[in-house]
Structures are given as structure tokens and as C-alpha cells.
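Now for the letters of each chain:
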Amino acid sequence: MPDQPTAVDAVVVGAGPAGSAAALELARAGRTVVLLERGPFPGAKNVYGGVVYGRVLDDVLPRWWDEVPVQRWVTRRATMLMTPAQALTVDFRAGAWGSPPYNGMTTYRADFDSWLAGKAVEAGARLVTSTVATGLLRDAAGRITGVRTDRPDGDIAAQVVIACDGVNSFLAKEAGLLPRTSPGHTTLGVKETLALPREVIDERFGLTGRHGLDIEMLGCTMGIPGGGFLYTSLDTVSVGVVVSLTGLAEAKRRPEELVAGLKAHPAIAPYLRGAELKEYSAHLIPEGGYRAIPKLAIDGMLVAGDAAAMCLVAGLWLEGVNFAIGAGLAAGRTAAEAIAAGDTSAHGLAGYRRRLTDCFVLADHKRLRNAADVMVSDRMLRQYPGFACDIAEQLFTVINPHPKPHLSRELLRAARRNKVRWHTLARDGWQAMRAFS
Amino acid sequence: MATVEFRVSERAHITVDSQVCRSCTTKECVYACPAGLFVPTTDGGILFNYEQCFECGTCYQVCNSEGAITWTYPDGGEGVVYRHG
């Protein structure tokens, strides 16, 4: 039998954005906290899809933008509707997004996650890398009292465990909070990061200085529910797809095939000419939204970030890192208060959910709980991109000596070609309005 | 996959029960795994390697036969190391 396990006030599992935020708040409150990370450094296992929104840090790390390891500040954001040979783009630029307090940034997770974990360490948290939390410790009453790790004599006793162990969260599963699998609520993101000289990126994407671009795409996933993305770092461009797991399995398409198809698309290929592959990566995304968010507090444990299915996937908005940070901060504050009050039962930790409801984390999830259904409907993926592209093509194709066609006739023709029915289009439009209102 | 660093563990963090796979007609893991780690064998089983796993979890999520694929994290410090993720 090992000696008495290491005892701390709190153990946070996973040094991603949620875990580091939680550890930061606990350490600032004067609590002893161990922050476990299974990778050799924070971020080693993490992948994101293009933009980190940093304003959640305003109160916690004032002027975070002066030191965050940013690649580029996103000042150009485009949404692209695609068919195999067409692309219709809404391209928005905002100069204000290029100066403090900024809006979104591109970054490398190895850099960003290590930076945020460093903030927790500066505040007094103990970061332990290359260590897997393999299970939960419980007392006779079933209350969670710490974690077991894969280190020799690696049990850590704690008054509160904060599970920030990501989308596959084995701790949340062991605690019975998440189902073993949920393929219907999970998507797969695959991404290639490609090197190009900084000047070439600036020229091809019309960027200057530290400004960057993010493109989100619909209709580029061979009919599988999902979408594509492209974003710029200083001297790399990342391009990838996010697809439904069940859709992927049914379509019998390989994920690499989808990325290769997107890279070869006539609207994308010229951007990537001559680029050299630096890294291929893959990660799951919990896209279940509000209804998939599990119970967040049980006796001795809180769950935050992807482990609690907190990615916001609502068509116009695709956000995860900021939600993880917001939840981590709330979990850390709640845990610190509960420890101080001597009650770390589910009741003592109930303030966590209240905090999340009072801030954007659960407020946005609740308000947009129907948006994902509307945005990833079969019609939105298979019919509407083609419909929109065909209207544009028919309107802008000059067919002299014939006169210009009538708009109404062209609309009908595009609808027929793409099997769009007017009443379903109207209903989808109405539902989208309601889902986003 | 030569573009990603893998710190290969001695211990396989994926195990496959080929007995179960033989009765599986769909073999979703073969298509969905982004690393292409699962290969069907002529006798209906599954051949796999764990060394170049991205640790995403797709295989066990899409597997429709509970118990066929057992997936855990590799030991601490081992497995995939992303630099640009």
C-alpha cells in the first residue's frame, strides 16, 4: 500500500483552457492546487478550428493582448457557400478587430495553452505534466475524494476534483455524467497546417501586419453534415473540415479525402499553391449543445470545458476555447469558495451552475439551443449552398444575344435544380430567425 | 503522417477484439479513423496499429459493437505531440 496520498485543496485534470483557468482562480484564492496534464506540455494534445476569442480574460488578465502568444488578429471573416465548382462568399472586414481589445485571434494551441497554464503556475498552481488521471478516488459514501494517476504512488487526495479532461472525459464518464459514447453529438475535425512565407500569406489574403483571415465554409464536405474552415497564422495556413461522426461513418469517406477535396476546390486551391505540409491533426468536438451539457456538479467534483460539452456550435458562431475559459474560471471560483466554506458536496458546489447561467457560458448555450439543428439540417448542407450559388451564377452569366433573364424565373429554375421547396425554405428561414433571436 | 511527432508508448492504448469485429458488417472504424489505423483482414477481423494514433477517439465513438474497441489515453507524456494544433 502506498503511503498517505498527496493531499491538496483541489486537483484540476487537464491543462487546457478550462483547467488552467480553474487552477488560476484557485491559486489566486490561496488554495493549494495541482494541475495535471497528460501531454508533455499543455496544448500538446489539443487542436482548434481557427479562432480564439480572448475578451473572457479582460477582468482576469488585464491587457492579456500584450502578452498572449497570438499568431494573427482576425480582421477579415468570410463565410463561403460552396458546390464542387462554385463558391459564393460573404466577406467581412472590421478594422476595429485589429486593435485592442481585439476580437478573435489565431494561435497555436501548444503556445496558447502553455501560456495560460503558465499564468496558473505564476499564481501558485503546481503543474504536473506527462501524467494521466486514470480514475477517481472515492470514500465509503461514494463521494469523490481525489484522483488516481499513472505515476507510482500517484494518488492525489483533494477536496474538489475539477475534470477538464476534454471531449473524451473518462472522469466524467466514470462519474456517470457522460455516456460512454455519443457519436450523434460529436463531430470530427481534421486539419492540415501548411507553411507559406509570411509575405505570400499577406498578399494572397490581402492582409497586413498582424491581421488575419478566417473563412468558414458550407457545402464542401461531400454531403456529410459539417463544414470547412481556413485560417491564417503568421507563416502557416490551416485548412480543414468538421464533420458529423455518424455521417462520416455512413458515407464511408475517409476524413483525409474530405480535406484533400477541399484543398483542391477551385476557390481554395490558389490560396494554398506551393504550401508545404507542416502538421496533420485530428480532434473530436462535442457539438451536442445545451441539451447535451451534463450535470455539472456532484459531491467533490465539477466538470468544465469540452468535458462538459461546452463547445458552442450555432452556425454563425463556432466557439470553444472562450467557453472553456469561462467555465474554468467559474469552476475555480466556486471550488475556492466551497473549500473555504467547508462544504464541497454537490450542494456546496451548486454555485457553479448559477455562475455559468449568469455569464455567457450557459446564457448563450440556452439561447442558441436550437440553432445547431437549423444550421446543420440536411437542406442547409445539401440544397441551400447550391441554390444560392446557382442564383448567383444565373444572374451574373451574360447570355447575349439573349436578353437578361427575369429574376423570378431564375429563382424558380435554381430552386428546381436544387430541389428546394418554397414552403420548407420559408419555414427554415423562420426557424433560423427564431433560433438566433 | 511523417509531419506529426509521436512518442510511441510500449503499451498499446487501443485494443481490438477481432472476435467481435468478425460479426460486424459495417466496420465504421476502417473509414472514420483519421489516421487510417484500422485495416480489415480477409477473415473478417480488424488489424490495427496504435503507434500513429491522433488520440481523437473517433474509433470507439463510431464502433457499433460495444466492447470491440477499447480505447484509453496512452501513458503520461506519450503519444501524439501537436505543435501547431
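Residues numbered from 1 in each chain as written. Chains lettered and ligands numbered in written order. Predicted model: local features only at pLDDT ≥ 70, side-chain atom pairs only at ≥ 80, totals over all residues.

S.K.: Let's hear about the overall build of chain B: which residues, and what values?
M.R.: The secondary structure content of chain B amounts to three helices and six strands. Starting at the N terminus, the α and β elements of chain B follow one another as β-β-α-α-β-β-α-β-β. Seen through its C-alpha atoms, chain B measures out along the principal axes to roughly 40 × 20 × 20 Å. Residues counted as buried form 46% of the 85 residues belonging to chain B. (Helix = DSSP H or I, 4+ residues; strand = E, 2+ residues; numbered from the N terminus. Buried ≥ 20, exposed ≤ 12 C-beta atoms within 10 Å, placed from the backbone.)

S.K.: Describe the overall build of chain A, with residues and values.
M.R.: If you tally the helices and strands in chain A, you get 15 helices and 19 strands. In terms of overall dimensions, chain A has C-alpha extents of about 90 × 45 × 40 Å along its principal axes. Residue burial in chain A is summarised as follows: out of 437 residues, 54% are buried. Across chain A, contacts joining residues at least 24 apart in sequence account for 71% of those joining residues at least 6 apart. (Contact = placed C-beta atoms within 7 Å.)

S.K.: Break down the nonpolar core for me, with residues and values.
M.R.: Counting 168 residues, the largest nonpolar core has Ile162, Leu302 and Ala304 of chain A as the members making the most contacts within it. Apart from the residues within four sequence positions on either side, Leu302 of chain A is in contact with Val160, Ile162, Leu296, Ala297, Ala331, Thr334, Ala335, Leu349 and Tyr352 of chain A. (Core = buried A, V, L, I, M, F, W, Y, C linked by C-beta atoms within 7 Å.)

S.K.: Could you give an account of helix α8 (residues 321-341) of chain A, naming the residues involved and the relevant values?
M.R.: Taking 1.5 Å as the rise per residue, α8 of chain A with 21 residues should run 30 Å; its terminal C-alpha atoms sit 30 Å apart, in good agreement. Where burial is concerned, most of α8 of chain A is hidden: 17 out of the 21 residues are buried. (Expected span 1.5 Å × (residues − 1).)

S.K.: Please provide a residue-by-residue account of unusual backbone geometry, values included.
M.R.: Residue and element names in this part refer to chain A. Residue Pro100 is joined to Pro101 through a cis peptide bond whose omega torsion reads 5°. Within the secondary structure, Pro101 is located in the loop between β5 (86-93) and β6 (104-107). That bond from Asn400 to Pro401 is cis: its omega, 10°, falls within 30 degrees of zero. When you line up the elements, Pro401 lands in the loop between α13 (384-396) and α14 (407-417). One non-glycine residue with positive phi stands out, namely Arg63, at about 55°. For Arg63, a count of 11 C-beta atoms within 10 Å gives the class exposed.

S.K.: How would you sum up the pairing of strand β13 (residues 226-232) of chain A? Please name residues and give values.
M.R.: All names here are of chain A. Most of β13 is tucked away, with seven of its seven residues classed as buried. Side chains Gly226, Gly228, Leu230 and Thr232 of β13 all project onto a buried face; the interleaved residues Gly227, Phe229 and Tyr231 project onto the opposite face, where all are buried too. Two elements, strand β12 (residues 211-218) and β13, share four bridges in a ladder whose sense is antiparallel. Opposite Asp214, over in β13, you have Tyr231 as the bridge partner. Linkage of β13 to strand β14 (residues 236-244), two consecutive antiparallel strands, is achieved through a turn of three residues. (Pairing = 2+ DSSP bridges.)

S.K.: Tell me about the interface of chain A and chain B, and name the residues and values.
M.R.: Each partner contributes residues to the interface: chain A has 42 residues there, and chain B has 26 residues. Mapped onto the side of chain A that touches chain B, the elements with two or more residues apiece are α2 (109-122), β11 (186-195), α5 (245-251), α6 (255-264) and β15 (276-286) of chain A. Here the side of chain A that touches chain B takes eight residues from β15 of chain A, the largest share from any one element. For the side of chain A that touches chain B, the residue count by class is 19 nonpolar, 13 polar and 10 charged. (Nonpolar A, V, L, I, M, F, W, Y, C, P; charged D, E, K, R; others polar.)

S.K.: Explain the pairing of strand β9 (residues 144-149) of chain A to me, and be specific about the residues and the numbers.
M.R.: All names here are of chain A. Of all six residues that make up β9, five are buried, and the element is covered over most of its length. Pairing analysis gives five bridges linking strand β8 (residues 133-138) to β9, with the strands arranged antiparallel. Bridging from a neighbouring strand, Gly135 pairs with Arg148 of β9. Two successive antiparallel strands, β8 and β9, enclose a turn made up of five residues, where Gly142 displays a positive phi of approximately 95°. As paired strands, β9 and strand β10 (residues 156-163) are joined by two bridges and run antiparallel to one another. Paired with Gly146 across the strands is Ala157, a residue of β10. The loop that links β9 with its antiparallel partner β10 comprises six residues; one of these, Asp153, has a positive phi angle of about 50°.

S.K.: Quick one: what's the story with the confidence of the model for chain B, residue by residue and with numbers?
M.R.: Reading predicted coordinates in detail is not appropriate for stretches of low pLDDT. Residues and elements named next belong to chain B. When pLDDT is averaged across chain B, the result is 93; 98% of the residues are at 70 or more. Taken element by element, chain B is modelled with least confidence in helix α1 (residues 18-22), mean pLDDT 92, and with most confidence in strand β6 (residues 79-81), mean pLDDT 98. On the interface metric, ipTM, the complex scores 0.96, and its pTM is 0.96. (pLDDT = per-residue confidence, 0-100.)

S.K.: Tell me about the environment of Ala68 of chain B, and name the residues and values.
M.R.: All names here are of chain B. By secondary structure assignment, the location of Ala68 is in the loop between α3 (58-62) and β5 (69-71). Exposure remark for Ala68: the 22 C-beta atoms within 10 Å place this residue in the buried category. If we ignore the near neighbours within four places in the chain, the residues touching Ala68 are Val16, Asp17, Val20, Cys21, Cys24 and Cys63.

S.K.: Got a sec to walk through the environment of Asp75 of chain B? Specific residues and values, please.
M.R.: Looking at the element boundaries, Asp75 of chain B is found in the loop between β5 and β6. For the pair formed by Asp75 of chain B and Glu10 of chain B, sequence separation is 65 residues and the distance between their alpha carbons is 9.1 Å. Leaving out residues up to four positions away in the same chain, Asp75 of chain B has contacts with Val132 and Asp150 of chain A together with Ser9 and Arg11 of chain B.

S.K.: Now, about the packing of α13 of chain A against α14 of chain A: what can you tell me, with residues and values included?
M.R.: Residue and element names in this part refer to chain A. Contact pair α13 / α14: the axes reach a minimum separation of 9 Å and the direction vectors enclose 140°. Here α14 runs oblique to α13, going by the angle between their axes. Pair α13 / α14 crosses with right-handed handedness. Contacts between α13 and α14 involve Phe387, Asp390, Ile391, Gln394 and Leu395 on the former and, on the latter, Glu410, Leu411, Arg413, Ala414, Ala415 and Arg417. Within the contact of α13 with α14, the residues separate by chemical class into six nonpolar, one polar and four charged. (Axes fitted to C-alpha atoms, helices over the stretch in contact; angles between N-to-C directions. Parallel < 35°, antiparallel > 145°, perpendicular 65-115°, else oblique. Left-handed = near helix turned anticlockwise from the far one by under 90°.)

S.K.: Now, about the packing of α8 of chain A against helix α9 (residues 351-358) of chain A: what can you tell me, with residues and values included?
M.R.: Residue and element names in this part refer to chain A. Axis separation between α8 and α9 bottoms out at 9 Å; the angle between their running directions is 145°. As for how α8 packs across α9, the hand of that crossing is right-handed. Together, Ala327, Ala330, Ala331, Arg333, Thr334 and Glu337 of α8 and Gly351, Tyr352, Arg355 and Leu356 of α9 make up the contact between the two elements. Residues that form the contact of α8 with α9 fall into these classes: five nonpolar, two polar and three charged.

S.K.: Before we move on, could you go through the environment of Ser169 of chain A and cite the residues and values that matter?
M.R.: Residues and elements named next belong to chain A. Mapped onto the elements of the fold, Ser169 is located in the loop between β10 and α3 (170-174). Overall, Ser169 belongs to the buried group, with 25 C-beta atoms counted inside 10 Å. In sequence terms Ser169 and Arg180 are 11 residues apart; their C-alpha atoms lie 9.5 Å from each other.

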